[in-house]
Amino acid sequence: MEHLATTLIHADDRDNRVPDVAPPINVSTTYRYDKDDLVPWRDRESLEFMDKRPIYSRLAHPNSTRLESLFSQILGGHAVVYNSGLAAFFAALIHYNPKRLFIDQSYHGCRAIAHILTRTTGMQQCSLDDVPQMAQPGDVVHLESPVNPLGTVPRDMSLLAEQAHERGAVLIVDSTFAPPPLQDPWRFGCDMVMHSATKYFGGHSDLLSGVLVTRDQQTAGALRDDRIYLGTNVANLEAYLLLRSLRTFELRIQRQSTNCTAVVAYLNDHRGDWPLVLDKLYHSSLQTGEPWVAEQLEGGHPPVFALTLRSIDQCKRFPQLLHYFQHATSLGGVESLVEWRAMTDPHIDQTLVRVSVGCENAEDLIADLTTALNALQSDP
Ligand SMILES: Cc1ncc(COP(=O)(O)O)c(C=O)c1O
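Residues numbered from 1 in each chain as written. Predicted model: local features only at pLDDT ≥ 70, side-chain atom pairs only at ≥ 80, totals over all residues. Heavy atoms only, no water.

An unreviewed UniProt entry lists the protein under the name Cystathionine beta-lyase, with Huiozyma naganishii as the source organism. Entered under Sequence similarities (unreviewed entry) in the UniProt record, the comment concerning the protein runs "Belongs to the trans-sulfuration enzymes family." Regarding the protein, the relevant UniProt record gives this comment under Cofactor (unreviewed entry): "pyridoxal 5'-phosphate". (UniProt positions renumbered as here; feature names shortened; annotations may be inferred.)

Chemist: Is there a simple way to explain the environment of alanine 88 in this structure?
Modeler: Checked against the element boundaries, alanine 88 lands in helix H3 (residues 85–96). When neighbours within four sequence positions are excluded, alanine 88 is seen to be in contact with Tyr82, Gly210, Val211 and Leu212. (Helix = DSSP H or I, 4+ residues; strand = E, 2+ residues; numbered from the N terminus. Contact = heavy atoms within 4.5 Å.)

Chemist: Just checking my understanding: could you explain the UniProt feature "modified residue: N6-(pyridoxal phosphate)lysine" (unreviewed entry) in the protein for this structure?
Modeler: The UniProt feature table records "modified residue: N6-(pyridoxal phosphate)lysine" (unreviewed entry) at Lys199. Along the chain, lysine 199 turns up in the loop between strand S6 (192–196) and strand S7 (210–214). Owing to a relative accessible area of 17%, lysine 199 belongs among the buried residues under this scheme. For lysine 199, the residues in contact, after removing those within four places along its chain, are Thr176, Ser330, Leu331 and Gly332. (Buried < 20%, exposed > 50% of the residue type's maximum accessible area, 1.4 Å probe, protein only.)

Chemist: When you look at the nonpolar core in this model, what are you seeing that I'm missing?
Modeler: Soluble globular proteins tend to pack their nonpolar side chains together in the buried interior. Ranked by size, the top nonpolar core spans 49 residues in total, and within it Leu67, Phe71, Ile74, Val141, Leu171, Phe201 and Leu246 carry the most contacts. Per-domain counts for this core show at least three residues from each of domain 1 (4–246) and domain 2 (249–378). Excluding residues that lie within four positions of it along the chain, phenylalanine 71 makes contacts with Gly76, Ala79, Val81, Ala197, Phe201, Val211, Leu242 and Leu246. Of all hydrophobic cores here, the second largest spans 27 residues; its members include Leu281, Cys315, Phe325 and Leu373. (Core = buried A, V, L, I, M, F, W, Y, C linked by side-chain atoms within 4.5 Å. Domains from an automatic or database assignment.)

Chemist: I'm lost on the side chain of serine 257 in this one. Help?
Modeler: With respect to the element layout, serine 257 can be found in helix H9 (residues 249–269). With near-sequence residues (within four places) excluded, serine 257 lies in contact with Leu182, Gly300, His301 and Pro303.

Chemist: What am I meant to see in the side chain of serine 336 here?
Modeler: Take serine 336: it is sitting in the loop between strand S10 (326–327) and strand S11 (337–340). Under the relative-accessibility criterion, serine 336 is labelled buried at 0%. Looking at serine 336, its side chain comes within polar contact range of the side chain of glutamate 360, at 2.8 Å. Excluding residues that lie within four positions of it along the chain, serine 336 makes contacts with Tyr324, Phe325, Gln326, Ser356, Val357, Gly358, Glu360 and Leu365. (Polar contact = N/O pair within 3.5 Å; in protein donor to acceptor, adjacent residues only side chain to side chain.)

Chemist: Looking at this structure, how should I read the pattern of salt bridges?
Modeler: Close approach of charged atoms allows side chains with opposite charge to pair. Scanning the model with the defined rule gives 16 salt bridges in all. One salt bridge in this structure joins arginine 66 and aspartate 12, with 2.8 Å as the shortest N-O distance. Here aspartate 12 lies in the loop between helix H1 (4–10) and helix H2 (62–74) and arginine 66 lies in helix H2, a separation of 54 residues in the sequence. In this structure aspartate 12 comes out as buried when scored by relative accessible area, which is 0%. Salt bridges sharing common partners tie together Asp12, Arg66 and Arg247. (Salt bridge = Lys/Arg side-chain N within 4 Å of Asp/Glu carboxyl O.)

Chemist: Would you explain the sheet that holds S11 in this entry?
Modeler: To summarise the sheet geometry, strands pair through backbone hydrogen bonds and adopt either a parallel or an antiparallel arrangement. Strand order in this open sheet of five strands is S8-S9-S12-S11-S10, and the pairing throughout is mixed. On the outer flanks of this sheet lie strand S8 (278–282) and S10, each paired with one strand and no other. Bridging between S10 and S11 involves two bridges; their strand directions are parallel. Each bridged residue has a counterpart across the sheet, and for glutamine 326 the counterpart in S11 is leucine 337. (Pairing = 2+ DSSP bridges.)

Chemist: What's the story with the site of the ligand in this structure? I'm lost.
Modeler: Taken together, 13 residues sit near the ligand, with Gly85, Asn148, Asp174, Ser196 and Thr198 positioned nearest. Between the ligand and leucine 86 there is a distance of 2.9 Å, counted from an oxygen atom to a backbone nitrogen or oxygen. Within the side chain of threonine 198, a nitrogen or oxygen atom sits 2.6 Å from an oxygen atom of the ligand. For the ligand, whose free accessible area comes to 390 Å², the fraction covered by protein is 93%. (Near = heavy atom within 4 Å. Areas by Shrake-Rupley, 256 points an atom, 1.4 Å probe, with all protein chains shown as cover.)

Chemist: How do you make sense of the packing of H2 against helix H8 (residues 236–246) when you look at a structure like this?
Modeler: Relative orientation and spacing of two packed helices are given, respectively, by the angle between their axes and the distance between those axes. Where H2 contacts H8, the two axes come as close as 9 Å, and the packing angle between them is 35°. For H2 against H8, the interelement crossing comes out left-handed. Residues Asn63, Ser64, Arg66, Leu67, Leu70, Phe71 and Ile74 of H2 pack against Ala239, Tyr240, Leu242, Leu243 and Leu246 of H8. (Axes fitted to C-alpha atoms, helices over the stretch in contact; angles between N-to-C directions. Left-handed = near helix turned anticlockwise from the far one by under 90°.)

Chemist: How do you make sense of the packing of aromatic side chains when you look at a structure like this?
Modeler: Remark: the centre distance and the inter-plane angle together describe each pair of aromatic rings, the angle taken between the planes. Overall, the coordinates contain three aromatic pairs when judged by the stated rule. Ring plane angle 65° and centroid distance 5.1 Å describe the contact between phenylalanine 71 and phenylalanine 201, whose orientation is recorded as edge-to-face. One end of the pair, phenylalanine 71, is in helix H2; the other, phenylalanine 201, is in the loop between S6 and S7, with 130 residues separating them in the sequence. Of the two residues, phenylalanine 71 and phenylalanine 201, both sit in the buried class. Summarising the aromatic geometry, the rings of phenylalanine 201 and phenylalanine 249 are spaced 4.9 Å apart at their centres and angled 55° between planes, so their arrangement reads as tilted. Of the two residues, phenylalanine 201 is situated in the loop between S6 and S7 and phenylalanine 249 in helix H9; the sequence distance between them amounts to 48 residues. The same class applies to phenylalanine 201 and to phenylalanine 249, which are both buried. Here a set of aromatic residues connected by ring pairs shows up, and it is made of Phe71, Phe201 and Phe249. Residue placement shows arginine 44 over the ring face of phenylalanine 49; its charged tip is 3.8 Å from the ring centre. (Phe/Tyr/Trp six-rings, centres within 6.5 Å; stacked < 30°, edge-to-face > 60°. Lys NZ or Arg CZ within 6 Å of the ring centre and 35° of its normal.)

In structure tokens:
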């Protein structure tokens, strides 16, 4: 079987339209019709013809097609790309149109989308604990795993999938924090996988994109039909950037995952050095008592962790004391970031700091964090 690193570079070879080794950036929004293939829209049975001959870039364009070829192979299903992770989540909810959404701690933007649907359609929101008693056929269960901003694994995914299916509901897994080869949500029975491709797939903090992956072609086709009119296809330039990023994705994610696990292990081993500063430390590598963590994260831990400091003042000063970690939101890029999470998440613990570990050298990152924590410890 072909390996991930090879697929990332060759999955879209079949979409080559020109001899260029690097695919061109297509800026055109519209494409000339083929005089030998003038089939009216109403006579088309599927939209696949656009893979060969695009019509209008809101429907599909050469690099969005290439991305879907590549994502379908590396994510093990039928991929549909979007212009952001939230556009992908919104599209999934519009597709399933559930009466109830079961959701717990998740990226606050996904919660905000759920609130928009509750306001506009009356969709009810319930906890994941309520699935066995309250889920009904057609409902959606949404699990983010590992979860933002903690980088921990909240649940046994197989058990949740079983509970959802017993009640006729579907399970969507947001696997943004553990893309392949870290986690394969299909192994645990989910019905749809989503990623914010802005994060690890993009990997350079310079594009927005999202992707939904379905088990069957029909659901992907329905999502693509809706996407035409929601107007949420990935943009031309972003599609090119994302394609370029994906070529090196495996190298980056492996490095980021091992870096993060090393940083967390160091901080955990030395937490006694900073009693006046470091309170809690969160990461899946510290969840030793929960057997499903190792099963789900078979390829490694997510490159994000979180910590709480002893005061809000420390949270404001900590990022300024760091040399390599820039104080900014988001995650997944080659550059390490730190965020006093209260800056963007209205509902989070006000002393929580999220750390996104990049591709720098782990020892340098550990030294940087140690210097900052030491400085706070001596002047708390
Ligand atoms: C877990 C998770 N899902 C979805 C999103 C939304 O993605 P985007 O910013 O690409 O819309 C984010 C963004 O941080 C996220 O962390």
